[in-house]
Amino acid sequence: MKYLGPTSRPRLNEAVAVVFLFAGLFLLISLVSYNPFDPSWNTATAAAKPLNLMGRAGATLADFLLQAFGFAAYAIPVLTLLLGWSWVRSVPIHTPWAKLAGSAMLVSASCAAFGFGSTWRPIADSLPAGGVVGGILAD
């Protein structure tokens with residue numbers, strides 16, 4: 001049984017693809033419209049309404065992803081959109097576990113590469129480019 005690839009049922013594939021595509025767009029718009037003054041788990045602000053285009057959930061998710069992964073967080077929605085596109089086309093994913101491991105290594109290697117510049121804080125002048133994961137992997 002294949003768990004990570006499209007099935008033989010085209011309507012089910014399209015439904016799953018829509019979920020992946022919407023999730024990827026949600027993540028991408030959340031990250032692009034990130035504002036450091038939006039309310040999140042570790043940001044206390046008097047702003048009642050977040051400026052993030054995806055609302056409070058998008059602000060919290062973008063803050064978490066950018067703090068954890070830095071610039072490499074932008075690879076996560078791109079990979080999600082690519083996965084959704086392969087489900088739309090119902091193309092079987094060859095060696096899915098290897099591609100999943102490769103995607104995880106791509107994100108972690110990008111975090112580590114950005115983490116080597118530990119003093120560079122381009123995200124809202126406070127978050128490191130590699131995030132927390134990049135700082136740990138670069139050390």
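Structure first, text after, so check above.
To start, this report covers the structure provided alongside it. (Residues numbered from 1 in each chain as written. Predicted model: local features only at pLDDT ≥ 70, side-chain atom pairs only at ≥ 80, totals over all residues. Heavy atoms only, no water.)

### A few points about helix H5 (residues 131–138)
And step 1. Residues of H5 that are buried include every one of Gly131, Gly134 and Ala138, and no others. The buried residues of H5 occupy an angular sector of 25° when projected down its axis, which confines them to one face. Residues of H5 that are exposed and angled more than 90 degrees away from the buried face: Val132 and Ile136.
And step 2. Buried residues belonging to H5 abut helix H2 (55–69) and helix H4 (96–115). (Buried < 20%, exposed > 50% of the residue type's maximum accessible area, 1.4 Å probe, protein only. Helix = DSSP H or I, 4+ residues; strand = E, 2+ residues; numbered from the N terminus. Arc of directions from axis to C-beta. Contact = heavy atoms within 4.5 Å.)

### Observations regarding the packing of H4 against H5
And step 1. Between H4 and H5, whose axes approach to 7 Å, the crossing angle comes to 75°. Our classification of the angle between H4 and H5 gives roughly perpendicular. In this structure, H4 contributes Ser108, Cys111, Ala112 and Gly115 to the contact, and H5 contributes Val133, Gly134, Gly135, Leu137 and Ala138.
And step 2. Split into classes, the residues belonging to the contact of H4 with H5 amount to five nonpolar, four polar and no charged. (Axes fitted to C-alpha atoms, helices over the stretch in contact; angles between N-to-C directions. Parallel < 35°, antiparallel > 145°, perpendicular 65-115°, else oblique. Nonpolar A, V, L, I, M, F, W, Y, C, P; charged D, E, K, R; others polar.)

### A look at the nonpolar core
And step 1. Listed in full, the nine residues of the largest apolar core are Leu27, Leu31, Tyr34, Ala62, Leu65, Leu66, Ala73, Ile123 and Leu127.
And step 2. Elements with a minimum of two residues in this core: helix H1 (10–32) and H2.
And step 3. For this core, the element with the most residues is H2, which contributes three residues. (Core = buried A, V, L, I, M, F, W, Y, C linked by side-chain atoms within 4.5 Å.)

### Concerning the pattern of salt bridges
And step 1. All told, the structure shown has one salt bridge when counted by the stated rule.
And step 2. Here Glu14 makes a salt bridge to Arg11, at a shortest N to O gap of 3.0 Å. With Glu14 and Arg11 both in helix H1 and three residues apart, the pair spans about one turn of that helix.
And step 3. A relative accessible area of 36% places Glu14 in the partly exposed class.
And step 4. Classification of Arg11 as exposed rests on a relative accessible area of 62%. (Salt bridge = Lys/Arg side-chain N within 4 Å of Asp/Glu carboxyl O.)

### Re the environment of Trp85
And step 1. On the secondary structure map, Trp85 appears in helix H3 (residues 75–88).
And step 2. By relative accessible area, Trp85 is classed as partly exposed at 48%.

### Re H3
And step 1. The first and last C-alpha atoms of H3 sit 20 Å apart over 14 residues, in line with the 20 Å expected at 1.5 Å per residue.
And step 2. For H3, every residue scored as buried is listed here: Pro77, Thr80, Gly84, Ser86 and Trp87.
And step 3. Backbone geometry just after H3 places Ser90 at a positive phi near 55°. (Expected span 1.5 Å × (residues − 1).)

### Comments concerning unusual backbone geometry
And step 1. At Ser90, a position not held by glycine, the phi torsion is positive, near 55°.
And step 2. Its place among the elements puts Ser90 in the loop between H3 and H4.
And step 3. Residue classification places Ser90 among the partly exposed residues on the basis of a relative accessible area of 29%.
And step 4. Its identity is not glycine, yet Thr95 carries a phi of approximately 45°, on the positive side.
And step 5. By secondary structure assignment, the location of Thr95 is in the loop between H3 and H4.

### As for the environment of Ala59
And step 1. Structurally, the position occupied by Ala59 is in helix H2.
And step 2. Put simply, Ala59 and Trp97 are 38 residues apart on the chain and 31 Å apart in space, counted from C-alpha to C-alpha.
And step 3. Here Ala59 is in contact with Asp38, Pro39, Ser40, Pro50 and Asn52, once residues within four sequence places are set aside.

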